[in-house]
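# A closer look at the structure
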Amino acid sequence: MTEPVLRIQNLSISYTVGAGTFQAVSDVTLDIYPGRVVGIVGETGCGKSTLAQAIPRLMPEPPGSIGAGRIMFRGTDLVKVPKSKMPMVRGTGIGMIFQEPLNSLNPAYRVFDQIVESIQIRHFRDLGLVKSFQGGDKPFDYSKRPTTSVGSALTKGIVPDGAAEQAVKERIRTKSDYRKEVLDYLRLVRINDPETIIDLYPHELSGGMRQRIMIAMALSEKPSLLIADEPTSALDVTIQAQVLTLMKDLIDEVDASILFISHDLGVIAETADEIGVMYAGRIIEYGPVDEVFRSPRHPYTKMLLAAAPRIYKADGSLRSIPGNVPNLSRPPPGCRFHPRCPIAKPICKVDPPPLAPVPPSDPALAPDAHKSACYFPEEVPGLP
Amino acid sequence: MAATPPRAPAQFRESLGTFWRVLRANPLSFLGFLMVAIICLTALIILVAPHLLVPYGPQVNTGSYSRGPSWKHLFGTDGNGFDIYSNVMLALPLDLGIGVGIAGAALLAGGGLGLIAGFYDRPGTFGAAVSLTIMRLTDIFLSFPSLILALAITRALGIGVWETVFAIGLTWWPFYVRLVRGEVLAIKHLPYVTAARAAGVRENRILLRHVVRNLLEPIIVYFTLDIGTVLVTYSTIGFIGVASKYPGPQPEWGAMLAYYQGGGLINTYPWEVFAPGLAIFITVLAFSLLGDGLRDILDPRTRRAFVRSTASHDPPPETPALPSAGGGAAPGAVAAPFDPGGLG
């Protein structure tokens, strides 16, 4: 079995606001394997964005703080990495795409300058001109990437060892080199007429275009893990579909694992291989997307799927889950969903159920592929 | 860390062209630029070769007393027989230097402190303590009326140009601290700063490249307007009579105003007070107009708008897909062909 790119173990994150402490993420365990797309779905305020921001340590600390747990990224616990060293991991190690395409580009710079900054970060790290993070038992090894050019290969026999590499390191790329590379990335994110777009300012682009630029910026650093925090939520539906199509295409082209955060079940169903359903800071169900969508084994997932609006419904009604998301400064004891759960039993109010394997409906799956944090998963299929 | 790629001369020419187009589209700021350019050039000539523009020395008795404006004496003469035009012109380099110098020093000192105080204030760090110290010090200075404080310091140090400059400079920087810190606080929480951080950009570079670039526009506008304010403040102190002596070897507009309006002279010989007043007015106006123009040029949005509005005979490259944020779908985005470009 290959090592996971990202292994989150028992992660808990809380926010201290005034006198209250909000337990935004509690006891989350998650593995992301190379090349896999893991979707996290949940309501607003369930902690999914906090989780996304905590992985590259972008969450403001304070008020946020990581209470317990580990974020193992390629063998290094990011929780223990000093904040001043985190920039070495970000970008080339863990890339991120944000929700607000309208404000996520610096208004003062042209598209070219925005993307070049990302390309340069990767380029200088590749060359070893700038330190990238080394640590853990499996350090980020950028030295394996080819940095030699034809010129240095030719001179290698003549000049003493090391001098050629020094020459390569000192080789400064010209602006047209960068321009060519930026154009490549603009084409990669399917931007029409990149020669024009490259010289425009963000305010001259539409929301969908800006989000494509954001994606190009993130991809240009060739991250091994890409976190997409609701990348399509701020866009209107037609643009959303285009960006989603683009992301789906890119997932196959780009050699990165992806953590896809969304509140939209449809988006996750389209993109992800595995899905984690979050409720009130916990992952309450986890498994392959088809499996979870076909036979949910947690009442919340079941009701969430039933509540998803469809274009046409015979009875014309929109179903909802009764009750509200609990206040995370005083979460209910036991299972956090029990106040809204139709099959809650006395034990649900006392002990929080662990995320335990349930027998998958598809016999081809591994017996522990599908997990649910419910004491009575067998009762879930009977729910309306 | 990252050296920006060398700028091609073509791009420099392009920015120069943009600059010119914005100026052409906005006659008032064009006037501001022109006036500031002429004022600076005049000041330079007076410093280097005064005889080209100034016919008389500061304390030369021309032999005609208290005469109105004429071709020989453009702004007339005063009761001592001094040529007022010559005195006003000789005061220009000093007053201009004071305005630009004090405002510039305050911009650098106050702006730098403001950047530090605004950006490195994460609770529980050493920076937070520094930030707190800077801000309390600023508050102390701001709690005094700056003019009164500058007057008091000048009085304590003694009458003189440099004493006054020092006193005004000492009271001027806190405004920049507060202004810059406010801008930094607003900008550093914007999504593009977080996005830069997520891309692996280091904190210091985020401050210099992403934050400073975006506060440049309000700060430079404030700075150019402030040059006028400093000038007026200095003239006020000069008017009260604690900055410079007039008549004297180095004339100064504020002191001239004070001298010529005193003792009822303003009723009998109004042209005497008119000349230094006009000089202050024109200089302050020039920098105000310049400030407005600079704002238009520094902001990419207005810059582009001006470029488009004036680019009828040299049209910019076709920009097919440019709906604004609220403009709906982008045709370019809709029709994006499937074109797997491949990485890098």
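Our subject is the structure listed above.
What counts, and at which threshold
- Residues numbered from 1 in each chain as written.
- Chains lettered and ligands numbered in written order.
- Predicted model: local features only at pLDDT ≥ 70, side-chain atom pairs only at ≥ 80, totals over all residues.
- Helix = DSSP H or I, 4+ residues; strand = E, 2+ residues; numbered from the N terminus.
- Buried ≥ 20, exposed ≤ 12 C-beta atoms within 10 Å, placed from the backbone.
- Contact = placed C-beta atoms within 7 Å.
- Pairing = 2+ DSSP bridges.
- Axes fitted to C-alpha atoms, helices over the stretch in contact; angles between N-to-C directions.
- Core = buried A, V, L, I, M, F, W, Y, C linked by C-beta atoms within 7 Å.
- Parallel < 35°, antiparallel > 145°, perpendicular 65-115°, else oblique.
- Nonpolar A, V, L, I, M, F, W, Y, C, P; charged D, E, K, R; others polar.
- Left-handed = near helix turned anticlockwise from the far one by under 90°.

## Digging into the overall build of chain A
Helix and strand content of chain A: 11 helices and 12 strands. Here chain A holds 384 residues, and 48% of them are scored as buried. A fraction of 67% describes how many contacts in chain A between residues 6 or more apart in sequence connect residues 24 or more apart.

## Observations regarding the sheet that holds strand E7 (residues 225-229) of chain A
All names here are of chain A. Pairing is mixed across the open sheet formed by eight strands, whose spatial order is E6-E7-E8-E3-E9-E10-E12-E11. Looking at the sheet topology across the chains shown, the edges are occupied by strand E6 (94-97) and strand E11 (356-357). Bridging between strand E9 (residues 274-279) and strand E10 (residues 282-288) involves six bridges; their strand directions are antiparallel. Bridge assignment links Ile275 to a residue of E10, and that residue is Gly287. Sitting on the sheet, helix H7 (residues 207-220) is in contact with E6 and E7, with an inclination near 180° to E6.

## Observations concerning the nonpolar core
One broad rule of soluble globular proteins: the nonpolar side chains tend to lie buried together. Core analysis: the biggest nonpolar cluster contains 176 residues, and Ala216, Leu225, Ile227, Leu259 and Phe260 of chain A together with Val230 of chain B have the highest contact counts within it. Considering every element that reaches this core, the biggest residue donor is helix H3 (residues 84-119) of chain B, with 18 residues. Ignoring anything within four residues of it in the chain, the contact list for Ile227 of chain A reads Ala52, Ile55, Ile94, Met96 and Leu259 of chain A.

## What to know about the sheet that holds strand E1 (residues 6-17) of chain A
Residue and element names in this part refer to chain A. Read across the sheet, four strands follow the order E2-E1-E4-E5 without closing on themselves; strand pairing throughout is antiparallel. Looking at strand neighbours, the two that pair on one side only are strand E2 (20-32) and strand E5 (76-77), the edges of this open sheet. Across nine bridges, the pairing between E1 and E2 is antiparallel. Its bridge partner lying in E2, Leu6 is registered against Ile32.

## A short note on the packing of helix H8 (residues 203-240) of chain B against helix H11 (residues 270-298) of chain B
Residues and elements named next belong to chain B. As a packed pair, H8 and H11 sit with axes 8 Å apart at the nearest point and diverge in direction by 175°. Between H8 and H11, the interaxial angle falls into the category roughly antiparallel. Between H8, through Leu216, Glu217, Ile220, Val221, Thr224, Leu225, Ile227, Gly228, Leu231, Val232 and Ser235, and H11, the contact on the second element is made entirely by Ile280, Thr283, Val284, Phe287, Ser288, Leu290, Gly291, Leu294, Arg295 and Leu298. For the contact of H8 with H11, the class distribution of residues is 13 nonpolar, six polar and two charged.

## A word on helix H9 (residues 253-261) of chain B
Within H9 of chain B, eight of the nine residues are buried, which leaves the element mostly enclosed by the surrounding structure. Within the sequence span of H9 of chain B, burial applies to Trp253, Gly254, Ala255, Met256, Leu257, Ala258, Tyr259 and Tyr260 of chain B.

## Quick word on the packing of helix H5 (residues 146-157) of chain B against H8 of chain B
Residue and element names in this part refer to chain B. Axis separation between H5 and H8 bottoms out at 11 Å; the angle between their running directions is 50°. As judged from the angle between their axes, H5 and H8 are oblique. Between H5 and H8 the crossing geometry is right-handed. Taken together, the residues of H8 that come into contact with H5 (itself represented by Leu147, Ala150, Leu151 and Thr154) are Thr233, Thr236, Ile237 and Ile240. Tallied by class, residues from the contact of H5 with H8 come to five nonpolar, three polar and no charged.

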